[in-house]
Amino acid sequence: MSLPSSPLRRLVASSLILASCSAFAFSLSDLSNQDASAGLKAALEKGASTAVANLGRPNGFLNNDKVKIHLPGALEQAMPILRMTGMGGQVDGLVADMNHAAEAAVPLAKPLLINAVKSMSVSDAKNILTGGDTSVTDFFRQKTSGELAVKFLPLVKQITDRNGLSGRYNAVMGQVAKSGLVSADQSTVEGYVTQRALDGLFLMIGEEEKAIRKDPVGSGSAIIGKVFGAIR
């Protein structure tokens, strides 16, 4: 059915244009607190779950150059001497054990990460959303790193203690730490691996966060696409 008058047609056309422009001008300020919170929580859970799954699988640390755990600098520099004395195989075994220990510990993180998501207040959501490329990761680190270290340490120690070099490492690095040449978290194998496992976990969560921010629609979640699309 045709419109009865030209002025009416122009009015309808103008209304449609305005509605279209309004839809494309959708921004963070248009989001409800509920949507912002839901989108952020979905992104948090997705990033955490993906990072834990990738790092917790066989060789998740060992085969990933971004997070692979090497010997601390002081021992890494001594590698040529250790190999000349026939200890190269043992050292390689210790490196493998360190990475497998981290791999085994990371799945313990998932419940704590999910609890951190649940504890996030609605009023924090928009601040985190606009806080930069790694603000979600920083939130996780602040909320969980201390408790994760406590959970990781016993399991890491159980695994690294199986390698005969771990005792020697602790004895040598304990003395080196007293001189201030290495940090306290490097003075034992288990402390060093625990810290590097946490660093690797938060790094990979950060990678997931950046990917979501870059392509929110590609996340496969409508609410993530809506919320993160609004701040691009």
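Placed above this text is the structure.
Residues numbered from 1 in each chain as written. Predicted model: local features only at pLDDT ≥ 70, side-chain atom pairs only at ≥ 80, totals over all residues. Heavy atoms only, no water.

**Some details on the pattern of salt bridges**
Going by this rule: In the sections that follow, a salt bridge refers to a side-chain nitrogen of Lys or Arg positioned within 4 Å of a carboxyl oxygen of Asp or Glu. In this description a helix means any DSSP run of H or I spanning at least four residues, a strand means any run of E spanning at least two, and both kinds are numbered starting from the N terminus. Any residue under 20% of the maximum accessible area for its type is buried, any over 50% is exposed, and the rest in between are partly exposed; the area is computed with a 1.4 Å probe on protein chains only.
Following the criterion strictly, the structure yields five salt bridges and no others. Of the charged contacts, one joins D199 and R141 as a salt bridge, the two residues approaching to 3.9 Å between their closest N and O atoms. Taken together, the positions of D199 in helix α10 (residues 189-214) and R141 in helix α8 (residues 135-160) put the pair 58 residues apart, joining distant regions of the chain. The exposure class assigned to R141 is partly exposed, which follows from its relative accessible area of 34%. The salt bridge partner of E190 is K157, with a shortest N-O separation of 3.8 Å. Of the two residues, E190 is situated in helix α10 and K157 in helix α8; the sequence distance between them amounts to 33 residues.

**Observations concerning the side chain of T194**
Test applied: Polar contact criterion, stated in full: a pair of N or O atoms within 3.5 Å, where within protein one must be able to donate a hydrogen and the other to accept it, and residues adjacent in sequence count only if both atoms are side-chain atoms. The criterion used for residue contact is that any of the two residues' heavy atoms lie within 4.5 Å.
Relative to the helices and strands, T194 is located in helix α10. Of the polar contacts made by the side chain of T194, one reaches the backbone oxygen of E190; its length is 2.8 Å. In this structure T194 touches A149, F152, L153 and V156, once residues within four positions along its chain are discounted.

**Let's talk about empty space enclosed by the protein**
Over the atoms a probe the size of a water molecule is rolled, and this reveals where empty space is left. Stated precisely, the cut-off is as follows: A cavity here means a set of points on a 1 Å grid, drawn over the protein atoms and nothing else, where a 1.4 Å probe fits but cannot get out; a pocket is an open set with protein on both sides within 12 Å along at least five of seven lines, and a residue lines either one if it has an atom within 4 Å of a point. Grid points are joined across faces, edges and corners, and a volume is the space filled by probe spheres set on the points. Amino acids are sorted into nonpolar (Ala, Val, Leu, Ile, Met, Phe, Trp, Tyr, Cys and Pro), charged (Asp, Glu, Lys and Arg) and polar (every other residue, Gly among them).
Following the criterion strictly, the structure yields one cavity of 30 Å³ or more and no others. In this structure, the largest cavity spans a volume of roughly 60 Å³. Along the walls of the largest cavity sit ten residues, with A43, L44, V136, E209 and I212 positioned nearest its centre. Only α2 (33-56), α8 and α10 provide two or more residues apiece to the lining of the largest cavity. Ranked by residue count, the leading element in the lining of the largest cavity is α2, at four residues. For the lining of the largest cavity, the residue count by class is eight nonpolar, one polar and one charged.

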